[in-house]
Amino acid sequence: MVVVGVCMVWIPFSESIKELIAPCFGLGFAIGMVDSSMMPTMGLLVDLRHVSVYGSVYAIADVAFCVGFALGPALSGEIVKTIGFPWLLRGIAIVNFIYCPLCYFLRDPPAREDKQAILLEETMPVSYTVHRQTDYQTLHEDND
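Let us look at the structure shown here. (Residues numbered from 1 in each chain as written. Predicted model: local features only at pLDDT ≥ 70, side-chain atom pairs only at ≥ 80, totals over all residues. Heavy atoms only, no water.)

### Considerations on the pattern of salt bridges
And step 1. Applying the stated criterion across every chain, the model contains one salt bridge.
And step 2. With a shortest N-O distance of 3.7 Å, Lys81 and Glu78 are connected by a salt bridge. Separated by three residues within a single helix, Lys81 and Glu78 lie in helix H3 (residues 54-83), roughly one turn from each other.
And step 3. What makes Lys81 exposed here is its relative accessible area of 66%. (Salt bridge = Lys/Arg side-chain N within 4 Å of Asp/Glu carboxyl O. Helix = DSSP H or I, 4+ residues; strand = E, 2+ residues; numbered from the N terminus. Buried < 20%, exposed > 50% of the residue type's maximum accessible area, 1.4 Å probe, protein only.)

### Describing helix H2 (residues 17-49)
Owing to its 3.6 residues per turn, the α-helix brings residues three or four apart onto one side.
And step 1. In a regular helix each residue adds 1.5 Å, so 33 residues correspond to 48 Å; H2 covers 47 Å between its end C-alpha atoms and thus fits that length.
And step 2. At Met38, H2 is bent by approximately 30°, the largest bend along its length, and proline Pro40 sits one to four residues beyond.
And step 3. Within H2 the residues assigned to the buried category are Pro23, Gly26, Leu27, Ala30, Gly43, Val46 and Leu48. (Expected span 1.5 Å × (residues − 1). Bend = angle between axes of the 7 residues up to and from the residue.)

### Observations concerning a nonpolar patch on the surface
And step 1. Together, Val63, Val67, Leu71, Leu75, Ile79, Ile83 and Trp87 line one region of the surface with nonpolar side chains, adding up to about 650 Å² of accessible area.
And step 2. With six residues, the single largest contributor to the nonpolar patch is H3.
And step 3. The topology assignment puts Leu75 in helix H3. (Patch = residues over 30% accessible without salt bridge, like charges linked within 9 Å, V, L, I, M, F, W, Y side chains within 5 Å. Areas by Shrake-Rupley, 256 points an atom, 1.4 Å probe, with all protein chains shown as cover.)

### Some words on the packing of helix H1 (residues 2-10) against H2
And step 1. Across the interface, H1 lies against H2 with an axial gap of 9 Å and an inter-helix angle of 155°. Viewed along their axes, H1 and H2 adopt a mutual orientation that is roughly antiparallel. Where H1 crosses over H2, the handedness of that crossing is left-handed. Contacts from Val3, Val4, Cys7, Met8 and Trp10 in H1 reach Ala22, Pro23, Gly26, Leu27, Ala30 and Ile31 in H2.
And step 2. Class assignment of the residues belonging to the contact of H1 with H2 gives a composition of ten nonpolar, one polar and no charged. (Axes fitted to C-alpha atoms, helices over the stretch in contact; angles between N-to-C directions. Parallel < 35°, antiparallel > 145°, perpendicular 65-115°, else oblique. Left-handed = near helix turned anticlockwise from the far one by under 90°. Contact = heavy atoms within 4.5 Å. Nonpolar A, V, L, I, M, F, W, Y, C, P; charged D, E, K, R; others polar.)

### Digging into the packing of aromatic side chains
And step 1. Under the definition given, this model contains two aromatic pairs.
And step 2. For the cation-ring pair, Arg90 lies above Trp87, with the distance from its terminal atom to the ring centre recorded as 4.8 Å. (Phe/Tyr/Trp six-rings, centres within 6.5 Å; stacked < 30°, edge-to-face > 60°. Lys NZ or Arg CZ within 6 Å of the ring centre and 35° of its normal.)

### Describing the side chain of Arg90
And step 1. By the secondary structure assignment, Arg90 is in helix H4 (residues 85-103).
And step 2. Nearest to the buried, unbridged Arg90 among oppositely charged side chains is Glu15, at 11 Å.
And step 3. Setting aside residues up to four positions removed in sequence, Arg90 forms contacts with Pro12 and Phe13. (Lys, Arg positive; Asp, Glu negative; His and termini not counted.)

### A short note on the nonpolar core
As a rule of thumb, soluble globular proteins bury nonpolar side chains together.
And step 1. Counting residues in each nonpolar core, the largest one holds eight residues, listed as Val4, Cys7, Met8, Ile11, Leu27, Ala30, Leu89 and Ala93.
And step 2. Of all the elements in the fold, those that place two or more residues in this core are H1, H2 and H4.
And step 3. Take this core: its biggest share by element is three residues, from H1.
And step 4. Sequence-distant contacts of Cys7, defined by excluding residues within four places in its chain, comprise Pro23, Gly26 and Leu27. (Core = buried A, V, L, I, M, F, W, Y, C linked by side-chain atoms within 4.5 Å.)

In structure tokens, the structure reads:
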């Protein structure tokens, strides 16, 4: 997210196509990393906090992507007319910088109490009894 913000700030200062290569590369790389790690993170949060039903979580995340891809181009034209393209990019960068510290809390999300023992691999209060079957035929042959 920090790389996205830095690249968004850098793009308006570029004066040629060659100067756009590095920030656009960084922007594409960083957005790809965020997109590819979002679905596993959503799955982890569902495992830790709720019933492990992934379909609805992935559907919500997919709808969020689709709404972003639908509303982004539709609204950005009016925003560019109002504040200009450089300030649009700077605004997106500011939102990214504000959102970055919140991602820190996703590093170690708290689990529900009933799942904490399983996730932490603590010993469960269950005892097991092992029974051994004796082969009487070989036991009888050994005694002869």
